[in-house]
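Residue-level structure breakdown
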Amino acid sequence: MPTAAKTAAKRAAPKKTVARKVPAKKATPKGKATPRVRRFDLVIDSAKDATWIREDIRPQFEYRHFGVEEATGRRYGSHVIRVAPGARPPVRHHVHPDCEFLLVYVLKGWVKFWYDGKGEKKLGAGDVHLLPAGIKHAVTGWSKDLEMLETTHPADYRSVELTDAQIARLET
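Notes on the structure follow. (Residues numbered from 1 in each chain as written. Predicted model: local features only at pLDDT ≥ 70, side-chain atom pairs only at ≥ 80, totals over all residues. Heavy atoms only, no water.)

Let us now look at the side chain of Ser78. By the element assignment, Ser78 lies in strand 3 (residues 77–83). Residue Ser78 is classed as buried on the basis of its relative accessible area, which comes to 10%. Within the structure, the side chain of Ser78 is placed 3.1 Å from the side chain of Thr151, a separation counted as a polar contact. (Helix = DSSP H or I, 4+ residues; strand = E, 2+ residues; numbered from the N terminus. Buried < 20%, exposed > 50% of the residue type's maximum accessible area, 1.4 Å probe, protein only. Polar contact = N/O pair within 3.5 Å; in protein donor to acceptor, adjacent residues only side chain to side chain.)

Next up, the structure:
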């Protein structure tokens, strides 16, 4: 098999999670560097007590925050997003210039995203997207029963809407 074909086959192979036993580390002696493991608070959030809120940034959606933001000192954010009653698409083209990690996992229903250079893609239950930092995108459609899990780093980041002139210059 040619090298390029082997590389493509290797890339397409399913990833395996490997767990291995690691011996416990001894306490760090005084004056030595501390471990890089960041500590955070335990979060347990009950679905039956969930509070859903609308946020000004995206009034088309309701958000259920779990407390991840507070527990991690706002280093990470994680919440479920659902369609607000009567909401209609689209969510205007925008970019998150200072968001290093933005993962969306569709829990229920479907959603259509438009990505600069890729065009429109429809994601259904079980589908995921991981946005590269700074990619221009829009939400162009959704089902009424849509629910998505969104996880970000950092928890707080900007969402900058594009102007009509900027949108006109985008790739499809």
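All right, on to the sheet that holds strand 9 (residues 137–142) then. Spatially, 7-6-9-4-11 is the arrangement adopted by the five strands of the open sheet, whose pairing is antiparallel. Here the strands that pair on one side only, and so sit at the sheet edges, are strand 7 (119–124) and strand 11 (160–161). Across two bridges, the pairing between strand 4 (residues 91–95) and strand 11 is antiparallel. Bridged to Val95 within strand 11 is Val160. (Pairing = 2+ DSSP bridges.)

Our next topic: the pairing of strand 5 (residues 101–108). Summarising the sheet, strand 5 and strand 10 (residues 147–153) pair through seven bridges and their orientation is antiparallel. When the sheet's bridge partners are listed, Lys108 is paired in strand 10 with Glu147. By the bridge criterion, four bridges tie strand 5 to strand 8 (residues 128–131) in an arrangement that is antiparallel. Paired with Tyr105 across the two strands is Val128, which belongs to strand 8.

Our next topic: the sheet that holds strand 1 (residues 53–54). The strand order across the open sheet formed by six strands is 1-2-3-10-5-8, and the pairing between neighbours is antiparallel. Of all strands in the sheet, those bounded by a partner on one side alone are strand 1 and strand 8. Inspection of the sheet shows strand 3 paired to strand 10 by six bridges, in the antiparallel sense. Paired with Ser78 across the strands is Thr151, a residue of strand 10.

Turning next to unusual backbone geometry. Following Pro89, the chain continues into Pro90 via a peptide bond in cis, with omega recorded as 5 degrees. Mapped onto the elements, Pro90 comes out in the loop between strand 3 and strand 4. Going from His153 to Pro154, the amide bond is cis rather than trans, its omega being 0 degrees. Topologically, Pro154 is positioned in the loop between strand 10 and strand 11. Residues other than glycine seldom take positive phi values, yet Arg74 does so here, at roughly 65 degrees. Within the secondary structure, Arg74 sits in the loop between helix 2 (68–71) and strand 3.

Let's shift gears to the environment of Ser143. Among the secondary structure elements, Ser143 is positioned in the loop between strand 9 and strand 10. Classification of Ser143 by relative accessible area gives buried; the value is 8%. Sequence separation of Ser143 and Lys108 is 35 residues, and the distance between their C-alpha atoms is 9.0 Å. Dropping the residues within four chain positions of it, Ser143 is found in contact with Val83, Gly109 and Trp110. Within the local environment of Ser143, its side chain forms a polar contact with the backbone nitrogen of Trp110, the two atoms lying 3.0 Å apart. (Contact = heavy atoms within 4.5 Å.)

So far we have only geometry, and geometry alone does not tell us how the molecule works.
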